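# Overview (structure and organization)
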Amino acid sequence: MKINNSLIIRVLIVLSGVFLSSCSSMLYTTIDVLRPAKVSFPEDIDNLLIVNNTVAQPSTYGHKTESFNAKPKSVTIDTDSLVYFALASFSESVSEREFFNSVDVIYESQNESNDFYSVALPSSGKLSSLSKQYGANAIVSLNRMIVNSTLGEFYNEEEASFIAYIEAQYEYNWTISFPEKNHIFSLVTKDTVYWEIENYSRNNALKSLPDRKIALIDGAIISGRKAVNQFIPYWEREDRYFFNLSDKTFKTGLDSIYVKNWESAITKWETLIKSNTGPNKKAKLLHNLSVLYEITGDIKKAYEYSNASLETMLESLLFNYNEYLLISEQNEVLQKRLKDVDLLKKQLGEN
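Residues numbered from 1 in each chain as written. Predicted model: local features only at pLDDT ≥ 70, side-chain atom pairs only at ≥ 80, totals over all residues. Heavy atoms only, no water.

Let us now look at the overall build of the chain. Along the backbone of the chain there are 10 helices and 10 strands. The C-alpha radius of gyration of the chain comes to 26 Å, more than 25% above the 20 Å expected for a compact globule of 351 residues. With the C-alpha coordinates of the chain rotated into their principal frame, the extents come out at 75 × 60 × 30 Å. Of all intrachain contacts in the chain linking residues separated by at least 6 positions in sequence, the fraction that spans at least 24 positions is 73%. Element-wise, carbon and sulfur atoms account for 48% of the exposed surface of the chain, whose accessible area totals about 17800 Å². (Helix = DSSP H or I, 4+ residues; strand = E, 2+ residues; numbered from the N terminus. Rg over C-alpha atoms; globule rule 2.2 N^0.38 Å. Contact = heavy atoms within 4.5 Å. Areas by Shrake-Rupley, 256 points an atom, 1.4 Å probe, with all protein chains shown as cover.)

Printed below as a string of structure tokens:
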């Protein structure tokens, strides 16, 4: 696979667009965390083929309307085109990640069955033929796409208003094949897209909803793009919290954070820990250092400091339970990130 250099750089830096915001005795910043995909492509995979292997969903399947004070009723919606929008969005997003040298797409269905209700996988002969034709050493096949949608409405008593909505649930059945290795495995991805309009007039609420078929197309585009995160490592934005202390040495460390001088902040706060501080204050400093080490990309060190923070907090005779929960949450996050490290290295071809 082809690894984007900018991706590697971000793995090392971890943080983008640092800013601190105050929340009483807390400060918080937003960081970008790299998450592993569910699929791990071998390092020598560089040419991907995406194949439509679906049977069209019947127009009478999966769609209903739930009007206010009325029984639900099934409706007919032509959804033949949704798979093309989903695959186009999916393939475009894969290409944008620059994870492979080449990405090709076959939009015409390769499925010779007419049975929508069963999942038919591409034959090994078909996969081998497509692999040779397109020079692909990996094939992602979409074998079935199911869309269930509801157009409904309800009354909001608190606001004395009507709410109209469309909820669309998408389910994709994929197989990932490596013809040269004679290996294939399956993956199911799901997503829900929701539209909602609130108005004091029931008719206006309903009229303001998008056209249902257009909404389902938009949902296919959205869910197709999001499905890529199951195949390729992705970035997720998360908040991290610092305890705000009144100590002068702490403030100098905080000044270093504002200019992204992480090492300086670490040095100042590690020095402050060595001074004669009580367990409650020390636990908060240890937690702050845990966040800083996570920012600098040293997840193992961050986890060590987080463990020390938890242990020190429990040494205090009196501690704030909410503060303890925040420290515990950081500890759980780091546990998960440590488990993800080796998998991410494998998926990024760093082993």
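Our focus in this paragraph is the packing of aromatic side chains. For the structure on display, the rule yields 20 aromatic pairs. Relative to tyrosine 117, the ring of phenylalanine 116 has its centre 5.3 Å away and its plane inclined at 80 degrees; by these criteria the two rings are edge-to-face. Among the residues examined, phenylalanine 116 registers a relative accessible area of 3% and is labelled buried. On the basis of relative accessibility, which here comes to 52%, the residue tyrosine 117 falls in the exposed class. Ring geometry for phenylalanine 250 against tryptophan 269: centres 4.7 Å apart, planes inclined by 0 degrees, an arrangement best described as stacked. Placement of phenylalanine 250 in helix α6 (residues 248–258) and of tryptophan 269 in helix α7 (residues 262–274) is noted, with a sequence separation of 19 residues between them. Among the aromatic side chains, those forming a connected cluster through ring pairs are Phe41, Phe99, Phe100, Phe178 and Phe185. Note that lysine 301 overlies the ring of tyrosine 293, its terminal NZ or CZ placed 6.0 Å from the centroid. (Phe/Tyr/Trp six-rings, centres within 6.5 Å; stacked < 30°, edge-to-face > 60°. Buried < 20%, exposed > 50% of the residue type's maximum accessible area, 1.4 Å probe, protein only. Lys NZ or Arg CZ within 6 Å of the ring centre and 35° of its normal.)

Among the nonpolar cores identified, the biggest contains 45 residues, and Phe41, Phe90, Met145, Tyr170, Trp174 and Phe231 are the most heavily contacted of them. For this core, the secondary structure elements donating two or more residues are β3 (47–52), α2 (82–96), β7 (138–156), β8 (161–178), β9 (183–199) and α5 (212–226). Per-element tally for this core: the top contributor is β8, with 8 residues. (Core = buried A, V, L, I, M, F, W, Y, C linked by side-chain atoms within 4.5 Å.)

One can describe the packing of helix α8 (residues 279–295) onto helix α10 (residues 321–347) by two numbers: an axis separation of 11 Å at closest approach and a directional angle of 30 degrees. Classified by the interaxial angle, the pair formed by α8 and α10 is roughly parallel. The two elements α8 and α10 meet at a crossing, and its hand is left-handed. Packed against α8, whose contacting residues are Asn280, Ala283, Lys284, His287, Ser290, Val291 and Glu294, the element α10 presents Glu323, Leu326, Ile327, Gln330, Val333, Leu334 and Arg337 at the interface. Residues of the contact of α8 with α10, tallied by class, amount to 6 nonpolar, 4 polar and 4 charged. (Axes fitted to C-alpha atoms, helices over the stretch in contact; angles between N-to-C directions. Parallel < 35°, antiparallel > 145°, perpendicular 65-115°, else oblique. Left-handed = near helix turned anticlockwise from the far one by under 90°. Nonpolar A, V, L, I, M, F, W, Y, C, P; charged D, E, K, R; others polar.)

A separate point is the pattern of salt bridges. According to the stated counting rule, one finds 16 salt bridges in the structure shown. We note a salt bridge from aspartate 78 to lysine 213, for which the minimum N-O separation is 3.9 Å. Taken as a pair, aspartate 78 in the loop between β5 (73–74) and α2 and lysine 213 in helix α5 lie far apart in primary sequence, 135 residues in all. Since its relative accessible area comes to 35%, lysine 213 is described here as partly exposed. The salt bridge involving arginine 240 is made with glutamate 294; its shortest N-O contact spans 2.8 Å. (Salt bridge = Lys/Arg side-chain N within 4 Å of Asp/Glu carboxyl O.)

The next subject is unusual backbone geometry. The backbone of asparagine 69 sits at a positive phi, close to 60 degrees, despite the residue not being glycine. Its location among the elements puts asparagine 69 in the loop between β4 (63–66) and β5. Using a relative accessible area of 71% as the deciding quantity, one classes asparagine 69 as exposed. A positive phi is found at asparagine 182, a non-glycine position, where the angle reads about 55 degrees. Inspection of the secondary structure assignment puts asparagine 182 in the loop between β8 and β9.

For α6, every residue scored as buried is listed here: Phe250, Gly253, Leu254, Ser256 and Ile257. Each buried residue of α6 sits inside an arc of 155 degrees when the element is viewed along its axis, so together they form one side. In the core, the buried residues of α6 are packed alongside β2 (26–35), β10 (234–243), α7 and α8. Where α6 terminates, the next one or two residues include lysine 260, which has phi positive at roughly 60 degrees. (Arc of directions from axis to C-beta.)

Residues Glu157, Glu158, Glu159, Glu196 and Glu198 make up a contiguous surface patch of negative charge. Its relative accessible area of 41% is what places glutamate 198 among the partly exposed residues. (Patch = residues over 30% accessible without salt bridge, like charges linked within 9 Å, V, L, I, M, F, W, Y side chains within 5 Å. Lys, Arg positive; Asp, Glu negative; His and termini not counted. Charge placed at Lys NZ, Arg CZ, Asp CG, Glu CD.)

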